[in-house]
Amino acid sequence: MQLLALDVALLPPPDVQQRAIEINAALPAAASQGLQLDEEHRPHVTLTQAFIRPEELHAALDRVNKVLKGQRPFTVEVTGSGHSGNTLWMALERTPRLLELHDQMMEALRGYERPGGTRAAFVDGDGRVGDVLWVAGYRLKSAFEDFTPHITLGHGRRVPEIEPFTFDVSTVAACHLGRFCTCRRVLREWELKNPE
C-alpha cells in the first residue's frame with residue numbers, strides 16, 4: 001500500500017523564510033548535497049512527521065484542525081544556530097507553548113501513523129533512505145523530550161552565525177514532504193487568529 005510522508009509544521013512569516021533562504025543560498029554548493037530552500041522547498045518548523053495512508057489524510061487533518069481551533073498566534077525565539085553532523089539550522093527555544101503544540105500534534109496523528117513508508121511516499125518518489133528513516137523514527141527519536149524545534153538551513157561544515165531574534169507564528173501547514181524532508185506541497189493550511 002502506498003503511503004504519504006506528512007509533516008505538520010509552523011510556517012514562519014515571509015521575512016524569516018527569506019532569511020533562511022538567503023542563508024541556504026550562501027552555503028557552499030559542494031557541501032549542500034542538493035538541499036535548496038525556496039518557494040517550493042519552504043523553510044518550516046516541524047511539529048510532527050508520519051507516514052499515513054492517503055485515504056486517511058482528510059480524517060487525520062480534521063484531527064489537526066480540532067487541535068488548532070481557537071489557538072492564537074504566538075511568539076517563538078531563535079536562539080542562534082545549531083547543527084547535527086553537517087545539517088545546519090536555526091535553533092528555537094523550547095517554550096511551553098511550542099512544546100504543548102508539538103505534544104498535541106503528536107497525539108492528533110497517533111492513530112494515523114503507519115509503518116512501511118518508502119522513498120515513494122515523498123513528492124515525486126524522490127525521498128532518500130535517510131528521509132525514510134527520519135520520518136519512520138520520528139515518534140521514537142525526535143519527539144517529546146527529544147523534540148528539537150528548528151528551521152533547517154542546509155548542509156555544510158561551518159555553522160553560520162545567527163543572532164537571536166523573535167518572530168510571531170500564525171500559520172500552520174500540513175505538507176507533503178519532499179527530498180531532505182522539505183515541505184514541498186501544502187495540503188492544508190490554517191491561520192491562527194486573535195479573538196476580535
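Residues numbered from 1 in each chain as written. Predicted model: local features only at pLDDT ≥ 70, side-chain atom pairs only at ≥ 80, totals over all residues. Heavy atoms only, no water.

## Things to note about the packing of aromatic side chains
For any pair of aromatic rings, geometry is given as the distance between the ring centres together with the angle between the planes. Counted only if it meets this: Any pair of Phe, Tyr and Trp rings, taking the six-membered ring for Trp, is counted once the centres come within 6.5 Å. Such a pair is stacked with planes under 30 degrees apart, edge-to-face with planes over 60 apart, and tilted for the rest. Secondary structure is summarised from DSSP: a helix means a run of H or I of at least four residues, a strand means a run of E of at least two, and numbering begins at the N terminus for each. Only protein chains enter the accessibility calculation, which uses a 1.4 Å probe; a residue whose area is less than 20% of its type maximum is buried, one above 50% is exposed, and one in between is partly exposed. We call a charge positioned over a ring when the NZ of a Lys or the CZ of an Arg lies within 6 Å of the ring centre and within 35 degrees of the ring normal.
Overall, the coordinates contain two aromatic pairs when judged by the stated rule. Judged by centre distance (6.0 Å) and plane angle (85°), the ring pair of Phe-51 and Phe-122 falls under edge-to-face. One end of the pair, Phe-51, is in strand S2 (residues 45-52); the other, Phe-122, is in the loop between helix H3 (96-108) and helix H4 (129-136), and 71 residues separate them in sequence. There is no split in this pair, since Phe-51 and Phe-122 are both buried. With centroids separated by 6.1 Å and ring planes inclined at 35°, the aromatic side chains of Phe-165 and Phe-167 adopt a geometry described as tilted. Using a relative accessible area of 14% as the deciding quantity, one classes Phe-165 as buried. The positively charged end of Arg-19 is found above the aromatic ring belonging to Phe-165, 3.9 Å away from the centroid.

## Quick look at H3
The periodicity of an α-helix, 3.6 residues per turn, causes residues three or four positions apart to be oriented the same way. What counts is decided by this rule: Helix span, expected: 1.5 Å multiplied by one less than the number of residues in the helix. This arc describes the spread of directions from the helix axis toward the C-beta atoms. Only heavy atoms enter the contact rule, under which two residues are in contact if any of them lie within 4.5 Å.
Its 13 residues place the ends of H3 18 Å apart at the C-alpha level, agreeing with the 18 Å of an ideal helix rising 1.5 Å per residue. Along H3, the positions that sit buried rather than exposed are Leu-98, Leu-101, His-102, Met-105, Met-106 and Ala-108. Taken around the axis of H3, the buried residues stretch over an arc of 160°, which confines them to a single face. Structurally, H3 contributes buried residues whose contacts are with strand S1 (4-11), S2, helix H2 (57-68), strand S3 (74-84), strand S4 (87-92) and helix H5 (138-141).

## Let's talk about the environment of Ile-21
Inspection of the secondary structure puts Ile-21 in helix H1 (residues 14-26). Once the C-alpha coordinates of Ile-21 and Leu-37 are considered, the two residues, 16 residues apart in sequence, prove to be 5.3 Å apart. Each residue touching Ile-21, except ones within four places of it in the same chain, is listed here: Leu-37, Asp-38 and Pro-43.

## Thoughts on the environment of Tyr-112
Counting through the fold element by element, Tyr-112 comes out in the loop between H3 and H4. Between the alpha carbons of Tyr-112 and Ala-50 there is a distance of 8.2 Å; along the sequence they are 62 residues apart. For Tyr-112, the contacting residues outside a window of four places in its chain are Phe-51, Ile-52, Glu-56, Ala-59, Ala-60 and Arg-63.

## A closer look at the pattern of salt bridges
To keep it simple, the criterion reads: The term salt bridge refers to a pairing of a side-chain nitrogen on Lys or Arg with a carboxyl oxygen on Asp or Glu at a separation within 4 Å.
Taken as a whole and assessed by the stated rule, the structure comprises eight salt bridges. Linking Arg-114 and Glu-56 is a salt bridge whose minimum nitrogen-to-oxygen distance equals 3.1 Å. Within this pair, whereas Arg-114 is found in the loop between H3 and H4, its partner Glu-56 is found in the loop between S2 and H2, the two being separated by 58 residues in sequence. Glu-56 sits in the buried class, given a relative accessible area of 17%. Residues Asp-126 and Arg-179 are paired through a salt bridge, measuring 3.5 Å at the closest nitrogen-oxygen approach. With Asp-126 in the loop between H3 and H4 and Arg-179 in the loop between strand S7 (171-177) and strand S8 (183-191), this pair connects stretches of sequence that are 53 residues apart. Via salt bridges that share partners, Arg-53, Glu-56 and Arg-114 belong to a single interconnected network.

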